[in-house]
Amino acid sequence: MLVVALLLAWEISARSGLVRSANWPPFSAVVVALVRGIANGELVAVVGSSLWRMLQGYVLGSAIGIAVGIALAMVRPVRYTLLPAIELLRPIPITAVIPPLIFVLGLEDRLKIFCIAFSVFFPIALNTMAGVASVDPIYEQVAKTFGVPSPAMLRRVIIPAAMPMIFAGLRTGVAIALIVTVISEMIAGQQGIGYYLMSMEFAMRATDMYAVIILLTLVAYAINRGFVAWEAQIIRWARTRDFAGT
Amino acid sequence: MTAGEALQIDSITKTFGSGVGQVEAIASFSLDVEAGEFLSIVGPSGCGKSTLLQIVAGLMPPTSGRVLLGGRDVTGEPAHMVYLFQQYAKSLLPWMTVEANVGFGFEHRGKFTPEQARVRCREYLDMVGLGDVAHRYPWQLSGGMQQRVAIARALSAQPRVLLLDEPFSSVDALTRLELHALILELWEKQQFTAILVTHDVDEAVFLADRVAMLTQRPATLFGVMETELPRPRRPVETNELPRFLEVRHRLLGHLLAKGTGTHDGP
């Protein structure tokens, strides 16, 4: 409802001449640009290439994050050697190191994939560590009394028990991945949403700029909803149990 | 059918920590448990009963001494023994359905096709009267039902020795009587050796063939008493037998005297 009202206000403010600027096109014009962009495939290609990079970086960063998080929680020497380094690297805003990284990785996809993976790594690794560390020791005793060997312990007991925390990290990671994707494309772009936005800005094509922003919003919303549904599927037991109050 | 096996607990000691903060929990405990018997262990709270049982189960290493199952050293290797936890609500794995929890009890004890596993899960769930909740999650069940699932899971592993760590202490009185009847029925049917740790004297006497009494920390064996009560045990009649009251009297006398060795034994 509020969204509709705001969009209406946008339309009226632009049409009525309340805001008189070439950079403030009416909403309807943006929708037209959006539909045209999708129809001729231009925007689809732009968003698609961004999403593909985002997915690669996210999967890479998550996989390493989960593996390192488990190692941090379970292997004390790993914790002692790695955790201080992680705490040191974590506050670095990725945007600040993109320019020097260009020297090393170039302007290509691997730079952006690295930035995305690097940024999602921290919340996922730290949440996984916290989740694994807080697994109730009684679960391991139960597994022991039923003869579960140590390698299976991780798969059958520790990871499932830590799943709610791992997912909390993964969810944070999705939002971060999207931001870093767009920003890294803006700074070191040749394609993708971030690059497109910058190009349209320089070309003073405000309508196309807003069109891609709206598409990005819709895609981000869809990703988030999809993720929440997936999460609910996997850790249904944890959610429902909280509501059941036991 | 897996018959129970004899268990020898041989000079177990357990000390926690070291130096000034060192706590001696168990000071040399030895006891022979006969194959297929139901043994209760009672002692003042905090005397190290659970520690003792966890050592027997191989969940915790003793400081010295050893546990022999059927004549073989099994310390640290809990094969053929299953430990039934006091906190049943926490011991069931919350991300698994009731059926999967029961399946967890035996999946590492052998190779099963999914169909075989399902049949065996059903068999044990039916045994505890819970065949109709197989696809629910543990936290959707009442406390008594959760403990039944835990019992089904423990027995599905077909243990030679079942170790019970106050498993009936956190359910209401009526449910406790039902669980007593259930565990006795299953014990008679499956013929495993049962060792129950409890601070409830009535429970210890009602269920057991023999009751072992522990001293205060550091725990040692104060004495063992034959209950000599007829089976099957009945919740009302058995508890009113003169022999029941006599055994109960002596055990309580020991516990109230704190078992510091001022008595001459049972």
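Residues numbered from 1 in each chain as written. Chains lettered and ligands numbered in written order. Predicted model: local features only at pLDDT ≥ 70, side-chain atom pairs only at ≥ 80, totals over all residues. Heavy atoms only, no water.

A count of helices and strands for chain A gives 11 helices and zero strands. The secondary structure elements of chain A, listed N-terminal to C-terminal, are α-α-α-α-α-α-α-α-α-α-α. In terms of overall size, chain A is more extended than a compact globule, its C-alpha atoms giving a radius of gyration of 22 Å where 246 residues would be expected to give roughly 18 Å. The buried share among the 246 residues of chain A stands at 42%. Within the structure as shown, chain A displays about 13000 Å² of accessible surface, and the carbon and sulfur contribution to it stands at 71%. Both charge centroids of chain A, one from 18 positive and one from 12 negative side chains, sit 6 Å from each other. (Helix = DSSP H or I, 4+ residues; strand = E, 2+ residues; numbered from the N terminus. Rg over C-alpha atoms; globule rule 2.2 N^0.38 Å. Buried < 20%, exposed > 50% of the residue type's maximum accessible area, 1.4 Å probe, protein only. Areas by Shrake-Rupley, 256 points an atom, 1.4 Å probe, with all protein chains shown as cover. Lys, Arg positive; Asp, Glu negative; His and termini not counted. Charge placed at Lys NZ, Arg CZ, Asp CG, Glu CD.)

What follows is about the interface of chain B and chain A. Facing 25 residues of chain B, the contacting portion of chain A comprises 23 residues. In total, about 2200 Å² of surface goes out of reach between chain B and chain A, with carbon and sulfur atoms giving 67% of it. Taken together, the links from chain B to chain A amount to two salt bridges. When the shortest N-O distance is used, the salt bridge between B:K90 and A:D136 registers 3.2 Å. Listed by contribution, the elements that provide at least two residues to the side of chain B that touches chain A are strand 6 (81-84), helix 2 (88-91) and helix 5 (143-156) of chain B. Counting residues per element, the side of chain B that touches chain A draws most heavily on strand 6 of chain B, which supplies three residues. Counted by class, the side of chain B that touches chain A contains 16 nonpolar, five polar and four charged residues. (Contact = heavy atoms within 4.5 Å. Buried area = accessible area lost by both parts, 1.4 Å probe. Salt bridge = Lys/Arg side-chain N within 4 Å of Asp/Glu carboxyl O. Nonpolar A, V, L, I, M, F, W, Y, C, P; charged D, E, K, R; others polar.)

For the rest of this paragraph, the subject is the side chain of A:T145. Tracing the backbone through its elements, the reader meets A:T145 in helix 7 (residues 137-145). Using a relative accessible area of 1% as the deciding quantity, one classes A:T145 as buried. In this view, A:T145 contacts B:L59, B:M81, B:V82, B:Y83, B:F85 and B:R109; residues no more than four positions away in its chain are not counted.

With that settled, consider a nonpolar patch on the surface. A cluster of nonpolar side chains, namely A:W52, A:L55 and A:V59, defines an oily patch on the protein surface of about 320 Å² accessible area. Mapped onto the fold, A:L55 is located in helix 3 (residues 42-74). (Patch = residues over 30% accessible without salt bridge, like charges linked within 9 Å, V, L, I, M, F, W, Y side chains within 5 Å.)

All names here are of chain B. If you trace the backbone, A257 turns up in the segment after helix 9 (242-256). Note on A257: relative accessible area 26%, which makes it partly exposed. On a C-alpha basis, the gap between A257 and R233 in space is 29 Å, while along the polypeptide they are 24 residues apart.

Residues and elements named next belong to chain B. The linkage connecting R217 with the following residue, P218, adopts the cis geometry, with an omega of -5°. Residue position: P218 is located in the loop between strand 9 (210-214) and strand 10 (221-226). Of note, the amide linkage connecting R231 to P232 takes the cis form, showing an omega dihedral of 0°. Tracing the backbone shows P232 in the loop between strand 10 and helix 8 (237-240). A positive phi is found at S28, a non-glycine position, where the angle reads about 50°. Here S28 shows up in strand 2 (residues 23-33). With relative accessibility at 43%, the residue S28 sits in the partly exposed group. In this structure, Q158 takes a positive phi of about 50° despite not being glycine. Position of Q158 relative to the elements: it lies in the loop between helix 5 and strand 7 (161-165).

Before going further, it helps to examine the sheet that holds strand 2 of chain B. Residue and element names in this part refer to chain B. Within the open sheet, the four strands sit side by side as 2-1-4-5. Their pairing is antiparallel. Strand pairing shows two members of the sheet lacking a second neighbour, strand 2 and strand 5 (72-73), which therefore form its edges. Each of strand 1 (7-16), strand 2 and strand 4 (64-69) is contacted by helix 1 (residues 49-57), which is oriented at about 120° to strand 1, the strand it contacts most. (Pairing = 2+ DSSP bridges. Axes fitted to C-alpha atoms, helices over the stretch in contact; angles between N-to-C directions.)

Residue and element names in this part refer to chain A. Relative to the 18 Å expected for 13 residues at 1.5 Å per residue, helix 2 (residues 27-39) spans 18 Å between its end C-alpha atoms, a close match to the ideal helical length. In this structure, the buried residues of helix 2 make contact with helix 1 (2-15), helix 3 and helix 10 (206-234). Downstream of helix 2 by one or two residues, G41 has phi in the positive range, about 85°. (Expected span 1.5 Å × (residues − 1).)

With that settled, the discussion passes to the sheet that holds strand 9 of chain B. All names here are of chain B. Overall, mixed pairing links the six strands, which are arranged 6-7-8-3-9-10 in an open sheet. The open sheet is flanked by strand 6 and strand 10, the only strands paired with a single partner. On average, each strand axis in the sheet is tilted by 15° relative to the strand beside it, whichever way the strands run. Sheet topology places strand 3 (residues 38-42) next to strand 8 (residues 193-198); five bridges connect them, and they run parallel. The partner of F38 across the bridge, within strand 8, is A194. Relative to strand 3, helix 6 (residues 173-190) is tilted by about 140°, and along the sheet it contacts strand 3, strand 7 and strand 8. Sitting on the sheet, helix 9 touches strand 3, strand 9 and strand 10, and the angle it makes with strand 10 is about 175°.

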